[in-house]
Amino acid sequence: MIIVMKQSATPEEVNHVVEKIKQLGLQPNVSKGVERTVIGVIGDEDKIRIQPLEVYPGVEKVMPVTKPFKLVSREFHPHDTVFEMSDGTKVGDKKIIVMAGPCSVESQKMLLEIGKEVKKAGATFLRGGAFKPRTSPYSFQGLGEEGLKMLRDTADQLKMQIVTEVMDTRTVELVAQYSDMLQIGARNMQNFDLLKECGMMKKPVLLKRGLSATVTELLLSAEYILSKGNFKVVLCERGIRTFETSTRNTVDINAIPVIKEQTHLPVILDPSHGTGYYQYVKPIAKAAIAAGADGLMIEVHNNPEEAVSDGPQSLLPKKFHILMKELKPVCHAVGREL
Ligand code: PEP
Ligand code: MN
């Protein structure tokens, strides 16, 4: 249930409604927008049906949330969510965020080399997996905590934020200790225990769309995180499995405006995993920004031929520089900054 307050509602009137909701044993969630305040109510909605909240001073309307996801829905929170990282970087704002780096953390040396380049080109987040979800158990599984330390050292030197994957509820604390944003990968989008655990952390979460997940399923997964109190969630379209085999996955560009319409959470796109080939990364990155994405996640490697994972889809640093340069006019054309 959501309660939309009148534009003219005073803070006292808002408080009055909030207190009443609490008295009914329900949980209020106040979202103060520029225009008006919306109060989301969580709990047994029947209690509100018998309580005529419409007649309270300052209340414009009381409406049910029609979507299966509530905290995540735009009905619940009509304004775009914008949150700040520890260095002041705003996520979900007019300025596009760019996360770039290797697929896997391989060494401190390579991280620093790649990190310097992507930072120079304008990326604010350094990406890189220390815990890797690999299709084969015999493939490189990641450097674990050693890799997290390398990420932290490099990001501190370069004054960047880290986004890195957490795969297991048992390592959430550990990954949160070293990183600035917790990434939940496509394969774990419906690992509900992991979602809940990350929901109890203070660190923002990047939630990637599952390989065969619908937008509704993605939003319900995000709801798990928000329902545990962590509202700093970014959604990531990274391509889905279709019958098409000429690319690794099929980027669902539609998902960007659809997600933007249904939720207030920021959404970014990963054209590297989305296409699987470096030569398609640039056009799809541009398409994502034109479609309304709030950011991009891009794999960059200084020696893609020797990369331990995802070499074919990784951009050389010089190609990443070109991409960033060419993205600028696209951002400006849609009223964004880079
Ligand atoms: C990644 O970003 O490193 C990754 C493994 O991506 P995804 O979960 O989208 O496959
Ligand atoms: Mn990868």
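Heads up: the structure comes first, above all this text.
Computed from a predicted structure; not experimentally measured.

Caption draft 1: Representation of the site of ligand 1 in the model. Neighbouring residues of ligand 1: Arg127, Lys132, Pro133, Glu165, Gln183, Gly185, Ala186, Arg187, Lys208, Arg238 and His273. Within the side chain of Arg127, an N or O atom sits 2.8 Å from an oxygen atom of ligand 1. Between ligand 1 and Lys132, the relevant distance is 3.1 Å, taken from an oxygen atom to a side-chain nitrogen or oxygen of the residue. Isolated, ligand 1 exposes 290 Å² of accessible area, and the fraction of that covered by the protein chains is 96%. By residue class, the composition of the shell around ligand 1 is two nonpolar, three polar and six charged.

Caption draft 2: Geometry of the sheet that holds strand β10 (residues 181-184). Read around the barrel, eight strands follow the order β7-β8-β9-β10-β11-β12-β13-β14 and close on themselves; strand pairing throughout is parallel. The sheet shows a mean angle of 25° between the axes of neighbouring strands, taken without regard to direction. Bridge count for strand β8 (residues 125-127) against strand β9 (residues 161-165) is three bridges, and the pairing is parallel. Bridging across to β9, Leu126 finds its partner in Ile162.

Caption draft 3: Looking closely at the coordination of the manganese ion (ligand 2). Surrounding the manganese ion (ligand 2) are the protein donor atoms Cys103 (SG), His273 (NE2), Glu299 (OE) and Asp310 (OD), at 2.0 to 2.4 Å. Counting gaps between the donor residues of the manganese ion (ligand 2) yields the pattern C-x169-H-x25-E-x10-D. Residue His273 is located in helix α9 (residues 271-275), and its partner Asp310 is located in the loop between β14 (295-299) and α11 (317-333); the two are separated by 37 residues in the primary sequence. A relative accessible area of 9% places His273 in the buried class. Here Asp310 falls in the buried class, since its relative accessible area comes to 17%.

Caption draft 4: Structural detail: helix α3 (residues 108-121). Here α3 contains 14 residues, and its C-alpha end-to-end distance of 20 Å stays within 8% of the 20 Å for a straight helix at 1.5 Å per residue. Those residues of α3 that are buried lie in contact with β7 (97-101), β8, α4 (145-158) and α11. Trailing α3 by a residue or two, Gly122 shows a phi angle of about 120°, which is positive.

Caption draft 5: Local environment of the state of the cysteines. Within this structure, the stated rule accounts for zero disulfides. Sulfur of Cys236: no disulfide; nearest cysteine sulfur belongs to Cys103 and is 13 Å away. A residue is classified by how much of its surface remains accessible, and Cys236, at 0% relative accessible area, is buried. With no disulfide of its own, Cys331 lies closest to Cys236 among cysteine sulfurs, the gap being 16 Å. The buried category is assigned to Cys331, whose relative accessible area is 0%.

Caption draft 6: Structural view of the pattern of salt bridges. One pass over the structure, following the stated rule, counts 20 salt bridges. Here Arg152 ties to Asp180 by a salt bridge, and the two come within 3.2 Å at their closest N and O atoms. Residue Arg152 is located in helix α4, and its partner Asp180 is located in the loop between α5 (172-178) and β10; the two are separated by 28 residues in the primary sequence. Salt-bridge contacts for Asp294 lead to Arg336; the nearest nitrogen and oxygen are separated by 2.7 Å. Of this pair, Asp294 sits in the loop between α10 (278-290) and β14 while Arg336 sits in the segment after α11, placing them 42 residues apart in sequence. Take Asp294: its relative accessible area is 2%, and that puts it in the buried class. One salt-bridge network, held together by shared partners, links Arg152, Asp156 and Asp180.

Caption draft 7: Main features of the pairing of β9. A large share of β9 lies buried, amounting to five of its five residues. Burial of the side chains of β9 extends over both faces: Gln161, Val163 and Glu165 are buried on one face and Ile162 and Thr164 on the other. Since β8 and β9 lie parallel, the crossover through α4 that links them has a hand, and here it is right-handed. In this region the chain leaves β9, passes through α5 and returns to the parallel neighbour β10; the handedness of that crossover is right-handed.

Reading guide: rules and limits
- Residues numbered from 1 in each chain as written.
- Chains lettered and ligands numbered in written order.
- Predicted model: local features only at pLDDT ≥ 70, side-chain atom pairs only at ≥ 80, totals over all residues.
- Heavy atoms only, no water.
- Near = heavy atom within 4 Å.
- Polar contact = N/O pair within 3.5 Å; in protein donor to acceptor, adjacent residues only side chain to side chain.
- Areas by Shrake-Rupley, 256 points an atom, 1.4 Å probe, with all protein chains shown as cover.
- Nonpolar A, V, L, I, M, F, W, Y, C, P; charged D, E, K, R; others polar.
- Pairing = 2+ DSSP bridges.
- Helix = DSSP H or I, 4+ residues; strand = E, 2+ residues; numbered from the N terminus.
- Axes fitted to C-alpha atoms, helices over the stretch in contact; angles between N-to-C directions.
- Donors = N, O, S within 2.8 Å, 3.2 Å for Na, K, Ca; no water.
- Buried < 20%, exposed > 50% of the residue type's maximum accessible area, 1.4 Å probe, protein only.
- Expected span 1.5 Å × (residues − 1).
- Contact = heavy atoms within 4.5 Å.
- Disulfide = S-S within 2.5 Å.
- Salt bridge = Lys/Arg side-chain N within 4 Å of Asp/Glu carboxyl O.
- Right-handed = clockwise from strand over helix to strand, strands pointing away.

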